[in-house]
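Given next are the chains, with one letter for each unit.
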Amino acid sequence: MEQLLLLIFLPLAGAIITAFAGKSAKIVSTVFSVVSLGLALFIACNFIPNASTQFEANLPWIADLGINFHAGIDGISMLVVLLTNLLIPIIILSSYKHDYKNQAAFYALILFMQTGLLLVFTALDAFLFYIGWEAALIPIYFICAFWGGKDRVRINMKFFVYTIAGSLFMLMGIIYLYLQNPAHNFEISAFYALNLDAAQQGWIFWAFFIAFAIKMPVFPFHTWQPDTYTAAPTQGTMLLSGIMLKMGIYGVIRWLLPIVPAGVQDWSCVAIGLSIIGIVYASLIAFTQKDAKRLVAYSSIGHVGLISAGIFALNQQGMQGAMVQMLSHGINVVGLFFVLDIIFSRVKTNKIEELGGIAKAAPQLAITFLIIVLGTVALPGTNGFIGEFLLLMGVYNVGIWAAAIAGLTIIFGAVYMLRMYQNVMLGKTNELTITFSDIQGSEKFVLYLICALIIVLGVYPKPLLHLTEASVQHLLEQVNQKLTSVK
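Just so we're clear, the structure is a prediction, and the values are computed from it rather than from any experiment.

The rules behind each value
- Residues numbered from 1 in each chain as written.
- Predicted model: local features only at pLDDT ≥ 70, side-chain atom pairs only at ≥ 80, totals over all residues.
- Heavy atoms only, no water.
- 1 Å grid on protein atoms, 1.4 Å probe; cavity = no way out; pocket = protein on both sides within 12 Å on 5 of 7 lines; lining within 4 Å.
- Points joined across faces, edges and corners; volume = space filled by probe spheres on them.
- Helix = DSSP H or I, 4+ residues; strand = E, 2+ residues; numbered from the N terminus.
- Expected span 1.5 Å × (residues − 1).
- Contact = heavy atoms within 4.5 Å.
- Core = buried A, V, L, I, M, F, W, Y, C linked by side-chain atoms within 4.5 Å.
- Buried < 20%, exposed > 50% of the residue type's maximum accessible area, 1.4 Å probe, protein only.
- Lys, Arg positive; Asp, Glu negative; His and termini not counted.
- Salt bridge = Lys/Arg side-chain N within 4 Å of Asp/Glu carboxyl O.
- Axes fitted to C-alpha atoms, helices over the stretch in contact; angles between N-to-C directions.
- Parallel < 35°, antiparallel > 145°, perpendicular 65-115°, else oblique.
- Nonpolar A, V, L, I, M, F, W, Y, C, P; charged D, E, K, R; others polar.
- Patch = residues over 30% accessible without salt bridge, like charges linked within 9 Å, V, L, I, M, F, W, Y side chains within 5 Å.
- Areas by Shrake-Rupley, 256 points an atom, 1.4 Å probe, with all protein chains shown as cover.
- UniProt positions renumbered as here; feature names shortened; annotations may be inferred.
- Left-handed = near helix turned anticlockwise from the far one by under 90°.

With that settled, consider the layout of surface pockets. Of the volumes computed, that of the largest pocket is approximately 600 Å³. Along its surface, the largest pocket is lined by 22 residues, and Gly149, Thr230, Ala232, Lys293 and Phe344 are the ones closest to its centre. Secondary structure elements with two or more residues in the lining of the largest pocket: helix H9 (225–231) and helix H13 (316–347). Of the residues forming the lining of the largest pocket, the biggest block, 4 residues, is contributed by H13. In this structure, the second largest pocket spans a volume of roughly 480 Å³. Taken together, 19 residues make up the lining of the second largest pocket; nearest its centre are Leu41, Leu82, Leu457, Pro463 and Leu464.

And the structure:
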């Protein structure tokens, strides 16, 4: 219990100290993020990869309303807890070449967001889950609002309205489940045990699905994403794409499937259809992009669409693939946005047509960028392959045509990502890129670390699969048992 409470609240303590650290904010936030990573690794090393909930903390909070501070870790949450604590120090280190105004507030908000994310990924009480959900939104809103690019006010408002609207739908669903619960508490186990009829499960499915689909995002709830990713500061984009969208994926797995399995079964074809439409739509739009950062934003929609389709396939392969791909996508997309940030810091543009020949001037950047691109397009031997392979297997079990269309994300992704790499890194240098300097210092460390993770997890993914297998299998058994009882 103590380890989990320390894991959740250490970043919050770090945020408070960092806020008053002045010019030392970078160092202070780095120290707290690295210590948090060390603690997460300690918990992972002592974690038994079975279906049980471990390191559980259950403390009374608002007793009159049946609200407890109830959190714990199983195989599903362990993976995203590791992802969160791994990416936060990488994101902070990636900002070392920047000199943000009011940097103490900037890094404090990142650590505050980390606490919100960890609450979401460990909460076993629906009220605590909702608090973490909103707590993670507030810092990223201010990061984008104060340190974003052009037109950030309008874009940020659209993002805020979308996410708040989705949150309100989810809150209505949580309150309804609370009122149906004879124990009048927000315990996830009590929500799992509710016997709701098909009609009730149907509307609760949509209340939760809309909230999660906005966060991922899934077509047609995606329109806030490309503008927000482009206008946000790079570290904000990394937080959004690398970790925050995993809140939606995790929410579907942890809350939606076991609580309303009949609703999921009734509407899974619609959810898979929307996911596949998003894959094709985002890939086709990515082909037309002239801004590299915007291209990566659309590619993210395509990858998340495949993850969503795999989850709603409701089988072991699809679910395992979704878990592995959450981690892989987080690592890869952070690497992509960091490379584009390095390029922008040198030449002040991400316009693909204005670049070219960078590999001649910066061979180390070119090599690391290529490894990240290959991981993103799921080349065998990289971290992206095993997740997408399992996801396609899961979708194939639903229907061969669904898998065939969903598989377009790999084909299209390879085309537009490699074409983007070719236009940016290869060819002749121009006036902008002829004096381009290669990576050094913190840039080199971050990119080497990301490349190492891409290769190691691609060559030996067994620990990730073993970590989540028992919990995924147990969750699917719960879903099937409840479906049988509803019938």
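There's plenty left to go through after this.
Our focus in this paragraph is helix H15 (residues 363–376). With 14 residues, H15 ought to run about 20 Å at 1.5 Å a step, and its terminal C-alpha atoms sit 20 Å apart, in line with that. As for H15, its buried residues are in contact with helix H12 (292–312), H13, helix H14 (358–361), helix H16 (383–396), helix H18 (408–425) and helix H19 (442–459).

With that settled, the discussion passes to the nonpolar core. Counting residues in hydrophobic clusters, the biggest one holds 180 residues, and the most contacted among them are Ile140, Leu256, Phe312, Ile343, Leu365 and Met425. If one sorts the elements of this core by residue count, H13 sits on top with 16 residues.

Residue placement: lysine 293 occurs in helix H12. No salt bridge is formed by the buried lysine 293. Its closest oppositely charged neighbour is aspartate 341, at 6.6 Å. Beyond its immediate chain neighbours, meaning those up to four positions away, lysine 293 contacts Tyr229, Thr230, Ala232, Pro233, Thr234, Thr237, Phe337, Leu340 and Asn350.

Here we take up the packing of helix H3 (residues 75–94) against H13. Interaxial distance between H3 and H13 falls to 9 Å at its minimum, and their mutual angle equals 10 degrees. Here H3 is positioned roughly parallel relative to H13, judged by the angle of their axes. Packed against H3, whose contacting residues are Ile76, Leu79, Val80, Leu83, Leu86, Leu87, Ile90 and Ser94, the element H13 presents Met323, Val324, Met326, Leu327, Gly330, Ile331, Val334, Phe338 and Asp341 at the interface. Considering only residue class, the contact of H3 with H13 consists of 14 nonpolar, 2 polar and 1 charged.

Here we come to a nonpolar patch on the surface. A cluster of nonpolar side chains, Trp61, Ile62, Leu65 and Ile131, forms an exposed patch at the surface whose accessible area comes to about 330 Å². The residue isoleucine 131 is located in helix H5 (residues 126–147) in this model.

Moving on to the UniProt feature "domain: NADH:quinone oxidoreductase/Mrp antiporter transmembrane" (unreviewed entry) in the chain. UniProt records the feature "domain: NADH:quinone oxidoreductase/Mrp antiporter transmembrane" (unreviewed entry) at residues 124–409, using the numbering of this structure. As a span, residues 124–409 carries 80% helix and 0% strand, and end to end its C-alpha atoms are 34 Å apart.

In contact at an axis separation of 10 Å, H13 and H19 are set at 150 degrees when each is read in the N-to-C sense. It follows that H13 is roughly antiparallel to H19 by the angle criterion. H13 and H19 meet at a crossing whose hand is left-handed. In this structure, H13 contributes Leu327, Ile331, Asn332, Val334, Gly335, Phe338, Val339, Ile342 and Arg346 to the contact, and H19 contributes Glu443, Val446, Leu447, Ile450, Leu453, Ile454 and Leu457.

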